[in-house]
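Coordinate analysis (summary)
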Amino acid sequence: MWEKMNEKSHITYKELLYEEAVYTLLHQLNLPKAERTLLLGYLQQVFAECPVDHQHFVQNLKQKKAPAHNLKVTVLKAENLTPKNLNGSSDPFCTVGLTQGVVAPRLSREFSSCESLIEVLPDRTDTCKSCLNPEWNATFYMRINDVNSSVFSLYIWNEAQESSLLQDLGKVASWQGAKTLSRRVVRRIKRLSSTDGTSRFKTESDFLGLLKVPLKELPALGQERSYNLLQRSPRSRISGRCTLHTMFVTEQRESALSREVLEAEAHENLLRHIVEWEHKKQMDSWTGELSKDALHVICLHAAQVDMSLAEQAIIWWFVFSEHYVTNRFGVDFLLKLLENVEELVATDPPLHPQQERRLQDSFSNLLNHSLTQLQTIHSTFPLSDTISLLRLRDLLKCVVQTMGCRLYNKACLPQDEATAAVTAALQDASRKWYEGKKEVLYNATLDKPEMLQSLVGLTECMQVELKGGTPKYSQVIRSMVDVNFLSLWYQEMEKMLAADIQRALGTLRADCRPEDYQLDGELGEALQQLQQALQRMITQAGRQDLREDSSPFCTLDCWFEEAICTWLGRLRDKMCSTLHSAVQKDTLESREGHKLCGLSAAITACWLPSGLAFWLRLSWSRATQSLHMLAGMLQDVSYGAAYYSELMKHKLESDFGSSSTIVPKQVYVGLNSLEFVRQAFQHVPLQRDWQEVKRTVRDLGRARDKDSIKENTPPPEVEVDLGFDCEALRKILEQGERALQAALARLYRWLATLVLTDLKSYLETINKQEAVTDAKEVRWEEEMLCGNIVSMCQCLYEETRSGLLRTLWGTVVQHFSQTLEDSQSHPRPLVYFSKLHSVLQSLVEVFQADSQGLPLCDLQTDAYQALETELDLRRSNSTQLIERYFQERVNRQASTALMETLGILLLGCRYETVTQTLVLDIDGLQHLPDPRPVGQWQGLLCWPALSSLRVYIKLMLRPHHIFFASHDRKTKPHKHGAHIPIRETFKLLVPAACRARPGSCLVLQVKAAWGLKKAVLGEAMLGLQECQGLGTDEACGITRSLLLQTPYAEDSETLRFLRTRDSEVEAKEFCRRLKITEKRFIPRADPRTKSTE
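Quick notes on the rules
Residues numbered from 1 in each chain as written. Predicted model: local features only at pLDDT ≥ 70, side-chain atom pairs only at ≥ 80, totals over all residues. Heavy atoms only, no water. Helix = DSSP H or I, 4+ residues; strand = E, 2+ residues; numbered from the N terminus. Buried < 20%, exposed > 50% of the residue type's maximum accessible area, 1.4 Å probe, protein only. Contact = heavy atoms within 4.5 Å. Axes fitted to C-alpha atoms, helices over the stretch in contact; angles between N-to-C directions. Parallel < 35°, antiparallel > 145°, perpendicular 65-115°, else oblique. Nonpolar A, V, L, I, M, F, W, Y, C, P; charged D, E, K, R; others polar. Pairing = 2+ DSSP bridges. Expected span 1.5 Å × (residues − 1). Core = buried A, V, L, I, M, F, W, Y, C linked by side-chain atoms within 4.5 Å.

On to the overall build of the chain. Secondary structure assignment for the chain yields 36 helices and 17 strands. Burial analysis of the chain (1093 residues in total) assigns 48% to the buried set. Partitioning the contacts of the chain with sequence separation of at least 6, the portion at a separation of at least 24 is 76%.

Interhelical geometry of helix α11 (residues 331-347) versus helix α14 (residues 388-403) gives an angle of 5° and a closest axis separation of 10 Å. Relative to α14, the element α11 is oriented roughly parallel. For the pair formed by α11 and α14, the contact residues are V331, D332, L334, L335, L338 and E339 on the first element and D394, K397, C398, Q401 and T402 on the second. Taken together, the residues of the contact of α11 with α14 break down into 5 nonpolar, 2 polar and 4 charged.

The next subject is the pairing of strand β5 (residues 150-158). β5 sits mainly inside the fold: 9 of its 9 residues count as buried. Judged by which residues are buried, β5 turns out to be covered on both faces: S150, F152, L154, I156 and N158 on one side and V151, S153, Y155 and W157 on the other are all buried. With 9 bridges joining them, strand β2 (residues 92-100) and β5 adopt antiparallel strand pairing. Among the inter-strand pairings, Q100 is bridged to a residue of β5, identified as S150. The pairing of β5 with strand β6 (residues 206-214) spans 8 bridges and is antiparallel. Bridging across to β6, W157 finds its partner in F207.

With 17 residues, α11 should reach 24 Å at 1.5 Å per residue; the first-to-last C-alpha distance of 25 Å fits that figure. Of the residues making up α11, those classed as buried are V331, F333, L334, L335, L337, L338, V341, E342, L344 and V345. The inward-facing, buried residues of α11 abut α10 (309-326), α12 (353-375) and α14.

What follows covers the sheet that holds strand β8 (residues 241-251). The strand order β4-β1-β8-β7 describes an open sheet built from 4 strands, whose pairing is antiparallel. Two strands in the sheet have a free side with no partner beyond their single neighbour: β4 (135-143) and β7 (223-228). When strand polarity is set aside, the average angle formed by the axes of neighbouring strands in this sheet is 25°. Where β7 and β8 come together, 6 bridges link them in antiparallel fashion.

This part covers the sheet that holds β2. Strand order across the open sheet formed by 4 strands is β3-β2-β5-β6, with antiparallel pairing between neighbours. Looking at the sheet topology across the chains shown, the edges are occupied by β3 (123-124) and β6.

Within the secondary structure layout, H296 lies in helix α9 (residues 292-304). Apart from the residues within four sequence positions on either side, H296 is in contact with L31, E35, L39 and L221.

Further remarks concern the packing of helix α29 (residues 798-822) against helix α30 (residues 830-848). Where α29 contacts α30, the two axes come as close as 12 Å, and the packing angle between them is 180°. What the angle tells us is that α29 and α30 run roughly antiparallel. In this structure, α29 contributes L805, L808, W809, V812, F816, T819 and L820 to the contact, and α30 contributes Y832, F833, L836, V839, L840, L843, V844 and F847. Residues that form the contact of α29 with α30 fall into these classes: 14 nonpolar, 1 polar and no charged.

This paragraph deals with the nonpolar core. Core analysis: the largest hydrophobic core is formed by 116 residues, its most contacted members being W317 and F320. The greatest single-element share of this core, amounting to 12 residues, is contributed by helix α18 (residues 485-510). Setting aside anything within four residues of it in sequence, one finds F320 in contact with L271, V275, W286, G288, L290, F329, F333, L334 and L337. By size, the runner-up hydrophobic cluster in this structure holds 72 residues, among which are L729, V755, L756 and Y762.

With that settled, the discussion passes to the environment of L957. Positionally, L957 belongs in strand β11 (residues 950-958). On the basis of relative accessibility, which here comes to 6%, the residue L957 falls in the buried class. Between the C-alpha atoms of L957 and L1024, which are 67 residues apart in sequence, the distance is 9.5 Å. In contact with L957, not counting residues within four places along its chain, are F963, S966, L988, L989, V990, C1001, L1002 and L1024.

Another point: unusual backbone geometry. The omega torsion of the bond from R958 to P959 falls at 5°, within 30 degrees of zero and hence cis. Of note, A48 is a non-glycine position whose phi angle comes to about 55°, a positive value. With respect to the secondary-structure elements, A48 resides in the loop between α3 (33-46) and α4 (51-62). In the Ramachandran plot, N137 falls in the positive-phi region, its phi being about 55° despite a non-glycine side chain. Its place among the elements puts N137 in strand β4.

Now the structure itself:
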């Protein structure tokens, strides 16, 4: 749009901005003349206009048509209004408008009600119900005809309510309400007396206060102000204050940019122009704060074009963030703008998509600029500049707060995006520093001694930087973000320097064959200097705690031992080729002297002892290199074990992957081969060569200590002794053993998938058919599994057999669990789950294999127990579930802790076998807490004093379907107290057959009664079976203490299943009774914290 304007008028955009700003000042209401002249002079300086042209320009703009002015009023809130309702509150609303008149006129009689003011003050707010401190936040626009004679008027009313006198009497809640009612009755009587007495009186809104504010007294800039409410007459009882926000806005502006609807763009460019001028005026001392005149001009323009605070804050952020990228100034002001944007946008409506994109682009540009400066930290923030570190701190502060802003889109960034971004930038800075130094100091095209000398110079330069400059940068960075730049820099230097050194040593080894290569004096001296320089740098890094366990310099000495590197490389290559050939040729047939073990396993197991013997026959000039060679050799052998396991796994899967569910014998031989190699690794520490290795390692450790003393290096933190070094070597062997175990586990899973394919298909089939009917197929699966298990017992090592059987059993349990999960989508009959359970039990017997398979303890895993419990619940009918639920309650009674109880019930019991009678001697209750509820239950019931409560015990034989002929009994009511003596005896008929049923129990429910109301205080469960410890008729009754507990168990899986059986009568009736008990039980305070009477 600006290009079209430029083609028509041939004027610059700067002139249009100048016109926009001057037009704003010329037509600003209530702006004093002196202040207007001052601001016009400021614009003359900003736009670099000469005084004559400026005056001529102003006079031309005065000839243009003035804009239409509106008063934008936001009625924010009112406080401490007079209560006009009978309940001591009010329902306030406001009517607002512009009127002509003096400041505070009294209302004439015709304007004594809200209805009579509708034509004068047509705008109104919403009504805030039952509130004396309403918050409206309503905005109104009012056209201003004459600012000098116009008055802003606001009336606050209490919304009228139609009600009868009887209804009003019921609403009176205070003495003030009674006085209001009396005045309302008198008013009605007076108005009814003026009529014939039959017409119904229309209720009118009550007056709560008014405001009269002349427009000429309002400030030119928008301002929030609180006013005292005025009275309508001297007799009015008015109180409170009202808070308004007023601002003058314009329409139909005649400036060029406003005519093209470019106010927001003009405001942004005007601010950008002023910011650039202010920065040039103050230069490096500018902090970002605008001068008073600049702020006044910008705010007046924003007010006239009716920009919200959020829109202004976003535009300020756009301008200042863009200016910060190209011009340096204080970052604190920029971050204040960011906080202001975040605060205002959170309270305003969602941003426009274009604004959202621009906001994200501004964040990205600012962050890219900051991170780019971090990538050249050494050159951008040179330590020779005294304020460089302060500038670095400000830059990091800007990055952290920008990425921490809620408006910043973090969808594609890691969780700690600031730390990750700064880390990546500093890594690039480290690499750039190294590449710059390398370009100056290192030259790979020189002769070999000179090339090594250049590497020495590069290493020494790194050591100097490690002591001097980088720690200062790191200290500043660490104070702002959780990034250790010194450690990061050193690690990057280690990687790149190690790569260059290894590349240089590689060129040395490539010049001739390793067995013919000999170092001459000059080249050997250069290598020695390089090694010493590296050792000094590593020592310095160790003192500063910068080295990691995975440092590339951990094997520094090995780089300088040509024979070690050559031999290790040849050993690894030869070992891999030999193992590959042995596995390919292995027919997986048993060999004499090795139980079902292949030839490739014997070849693999021979590599380790042969390597140890070779190492023991060698003599080395330095102890450190010898130990590193041994460790490298063991690592290669461990790698060989992992490589062998992958080869064997691939061979078995490719040759026997399509076999039937009957496992071939060759697969067992392959598994035994892997187990044989694993056991060979385990037995290495028991061999005679290993004992010789331990003695040699001890001697080499002492020699290494002497070498460190001669080189003036500090002693190691851990003393080099037999246990330390041998333990490290043992861990290397354990790596190979773990690789073999992982390969065996993968083969176990593959074999389990192969063997159990038919079982999985069978379970999927019966799940679709919703019935377990084909018994022949089940028996065939069991026979097939039994045959495979017998073969495993005959052919596999014990450890291999146990591991494979455990994997097979875990897969079986997993298939059954998946079948149960799939069956939840459609209901199944109980017999379906019963037959499924029987199939599972038969598989348990198959896996035991007449005590040759897995023991029962290994079969009863957590997954199996969960599966069996799930099957038991699903195959049980409603009565069985009810019995199971009561059995769980009885078991829970035995495990209830004393600190969790709601009281203690003392009783004696005995069972008379002849009469089949249960005799109960109830002694009493102890430690009974205060039964009155607490918390959210406190107001549900009107509880009396403790002395009015009557406590009794209800005796119920349960389950009800077992004891359907029994009747509930209860004790006499007793006064509530901490200790309640009861001393009553009950005889209950309990047939022996019913007593032996699972879940049979006696429920002793403690209740409290007052009047017609009752509540449950707790329950105790007494199991009736012999296993519960109930006395016999031959034994004397012993007093027992039963702990009271809650009358229901929400965490019970059985109860959850019962509630899903809503179609069965028994389950539905049981859940209904339990729900009634739950409603009567009200939680109470902890008995440990309540005082008893």
